[in-house]
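# Observations on the model geometry
Now for the letters of each chain:
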Protein chains: 2
Amino acid sequence: MTRSPQRTRVQRLPDKQVEDRAVLDAVLDAGRVAHAGVVDGEGQPYVVPVAFARDGGAVLIHGSTASRLFRTLAAGAPTCLTVTLLEGLVLARSVFESSMHYRSAMVLGAAEPLDGDAKVRGLERITDHLMPGRWTDARQPSRKELAATLVLSLPIVEWSVKVSDGPPDDATEDLVLPVWAGVVPLHETFGAPVATAGLPAGIPVPGYVGRWAAR
Amino acid sequence: MTRSPQRTRVQRLPDKQVEDRAVLDAVLDAGRVAHAGVVDGEGQPYVVPVAFARDGGAVLIHGSTASRLFRTLAAGAPTCLTVTLLEGLVLARSVFESSMHYRSAMVLGAAEPLDGDAKVRGLERITDHLMPGRWTDARQPSRKELAATLVLSLPIVEWSVKVSDGPPDDATEDLVLPVWAGVVPLHETFGAPVATAGLPAGIPVPGYVGRWAAR
């Protein structure tokens, strides 16, 4: 693992920075949307949501060959992929110490397009991450669909991860205030699947969809 | 409302772009975390999660005066604030047409620091957005705490919003496949509040916390 400490070192709240790669992987594996940053020729940043998956030592994203974002990234533009899991509101006795429980992973670098079988395996990996079980059930991509898709791989070389999961950190003099303090957890949950209009009778909700809620 | 179409026009999937400012406001008002983009001197973008609130025609964010991100933004660096709500997985019969239900708001520009009473009102607005009812219950910021905090206002002038909320868009020839298709909704829900260790007896969970779940 090589890193550039000056770029990914957490400046503020350094106690929230975690050096453990397994913590980074856990954030990436629990997230469904990453926010990708790119910069235009005038120095203006853009932040765009993208579906993604971790594949071992890389983060994979996919998009259309007609997408400006994906064409820019495929050409090797520097990027930052950030995945944030919001897990609770932290109510301190003071507004100042109130905060959130979150885990946030950041990967910096340049992505490379995947081709051939690696490209197909990349799409399989993204599908397995977002919709486990779906790849072998749905119709897999045709040659034409593959040609219209970019699959990019960003190596996990320069990264940082922050974890905020502690109790409210009230100042000692605030502990006597008659104000409730604690954490209100936030969860992402699945609702009941809604079949599309016109689905032929006799096609049940797949068993793997039912198992997603248990993740 | 002025906009720069060449910067915020959705290039891909233009049918998902919505021109209605009320749609943008609804996304901002439903979100809890924005991802802010900034660029360093070498053209490297960084994407960082921040708490935020919409206040009329501006987005407010707050952070420490010791934060590199907030100092950079306070100096007028160009930024992009993106708020994404993930609302479902869209299972088409083909992997290619599978997608997500989401709403994503993007605001471009440069932020300005708020001072004096506007700064306090900004913190109140952010607290009201994230923890409605908390501002008048918790201890409000001291002069020293205010001095350690930056509150920045990004005017909503240049913006775009994308909404993906349709059914699976399968190709006609795929409609006969014996594959379930539809949408699996995703929701963010509150768990039961957890009081901090050492909270004095007799301080109940505030009524406003109970009402958050109903939002």
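It should be noted that the structure appears before, not after, this text.
Residues numbered from 1 in each chain as written. Chains lettered and ligands numbered in written order. Predicted model: local features only at pLDDT ≥ 70, side-chain atom pairs only at ≥ 80, totals over all residues. Heavy atoms only, no water.

What follows concerns the packing of aromatic side chains. Residues and elements named next belong to chain A. Summed over the entire model, instances satisfying the criterion amount to 4 aromatic pairs over all chains. With a centroid separation of 6.1 Å and 40° between ring planes, the pair formed by Tyr 208 and Trp 212 is classed as tilted. Placement of the pair is Tyr 208 and Trp 212 together in helix α6 (residues 207–212), with a separation of 4 residues, close to one helical turn. A single burial state applies to Tyr 208 and to Trp 212, both of which are buried. In this structure an aromatic cluster arises from ring pairing among Phe 190, Tyr 208 and Trp 212. (Phe/Tyr/Trp six-rings, centres within 6.5 Å; stacked < 30°, edge-to-face > 60°. Helix = DSSP H or I, 4+ residues; strand = E, 2+ residues; numbered from the N terminus. Buried < 20%, exposed > 50% of the residue type's maximum accessible area, 1.4 Å probe, protein only.)

In this complex, chain B contributes 91 residues to the contact, which on the side of chain A involves 91 residues. Contact with chain A buries area across many residues of chain B, yet B:Val95, B:Arg139 and B:Trp180 alone supply 10% of it, more than any other trio. Where A:Arg139 meets B:Asp174, a salt bridge forms, and the shortest distance between an N and an O atom there is 2.8 Å. Viewed at the interface, chain A and chain B are joined by 25 residue pairs in polar contact (both at pLDDT 80 or more). For the side of chain B that touches chain A, the per-class residue count stands at 53 nonpolar, 24 polar and 14 charged. Pairing between strand β11 (residues 194–195) of chain A and strand β10 (residues 182–190) of chain B: 2 bridges, direction antiparallel. If you follow A:Val194 over to β10(B), its bridge partner there is B:Val183. (Contact = heavy atoms within 4.5 Å. Buried area = accessible area lost by both parts, 1.4 Å probe. Salt bridge = Lys/Arg side-chain N within 4 Å of Asp/Glu carboxyl O. Polar contact = N/O pair within 3.5 Å; in protein donor to acceptor, adjacent residues only side chain to side chain. Nonpolar A, V, L, I, M, F, W, Y, C, P; charged D, E, K, R; others polar. Pairing = 2+ DSSP bridges.)

Below, the discussion takes up the relation of the copies chain B and chain A. Superposition of chain B onto chain A requires a rotation of 180° combined with a translation of 0.0 Å along the rotation axis, giving an RMSD of 0.0 Å. On the angle and the small slide along the axis, the relation comes out as a two-fold axis. When C-alpha positions in chain B are compared against the rotation axis, the closest is assigned to B:Glu188, at 2.2 Å. Comparing contact sets, 100% of the residues at the interface of chain B also lie at the interface in chain A, consistent with an isologous, same-surface contact. (Least-squares fit on C-alpha atoms with pLDDT ≥ 70 in both.)

Quick look at the side chain of A:Lys119 now. Residue and element names in this part refer to chain A. For Lys 119, the location among the structural elements is in helix α4 (residues 116–130). For the buried residue Lys 119, which engages in no salt bridge, the nearest side chain bearing the opposite charge is Asp 115, 5.1 Å off. Residues within four places of Lys 119 in sequence aside, it is in contact with Leu 114, Leu 146, Ala 147, Thr 149 and Val 151. (Lys, Arg positive; Asp, Glu negative; His and termini not counted.)

Here the focus is the side chain of B:Ser94. Structurally, B:Ser94 can be placed in the loop between β5 (78–91) and β6 (99–110). Contacts of B:Ser94, omitting those with residues within four sequence positions, involve A:Ala138, A:Arg139, B:Asp170 and B:Asp174.

Here we take up helix α2 (residues 21–30) of chain A. Residue and element names in this part refer to chain A. Burial in α2 covers these residues: Leu 24, Asp 25, Val 27 and Leu 28. Here the buried residues of α2 occupy an arc of 160° about the axis, which is enough to place them on one side. For α2, the elements touching its buried residues are β3 (45–55), β4 (58–64), β5 (78–91), β6 (99–110), α4 and β9 (158–164). One side-chain oxygen of the residue at the start of α2 lies 2.8 Å from the amide nitrogen of Ala 22, identifying that residue as Asp 20. (Arc of directions from axis to C-beta.)

All right, on to the environment of B:Ser99 then. You can see B:Ser99 is positioned in strand β6. B:Ser99 gets classed as partly exposed once you look at its relative accessible area, which sits at 32%. When the C-alpha atoms of B:Ser99 and B:Asp169 are compared, they prove to be 9.4 Å apart, with 70 residues separating the residues in sequence. With near-sequence residues (within four places) excluded, B:Ser99 lies in contact with A:Met131, B:Leu89 and B:Val90.

So, on to the pattern of salt bridges. Under the counting rule described, the total for this entry stands at 22 salt bridges over all chains. For A:Glu145, the salt bridge is made with A:Arg139, and the minimal N-O distance between the two is 2.8 Å. The class for A:Glu145 is buried, based on a relative accessible area of 11%. Residue classification places A:Arg139 among the partly exposed positions, given a relative accessible area of 23%. Residue B:Arg32 pairs with B:Glu188 through a salt bridge whose shortest N-O separation is 2.5 Å. One end of the pair, B:Arg32, is in the loop between α2 (21–30) and β2 (33–39); the other, B:Glu188, is in strand β10, and 156 residues separate them in sequence.

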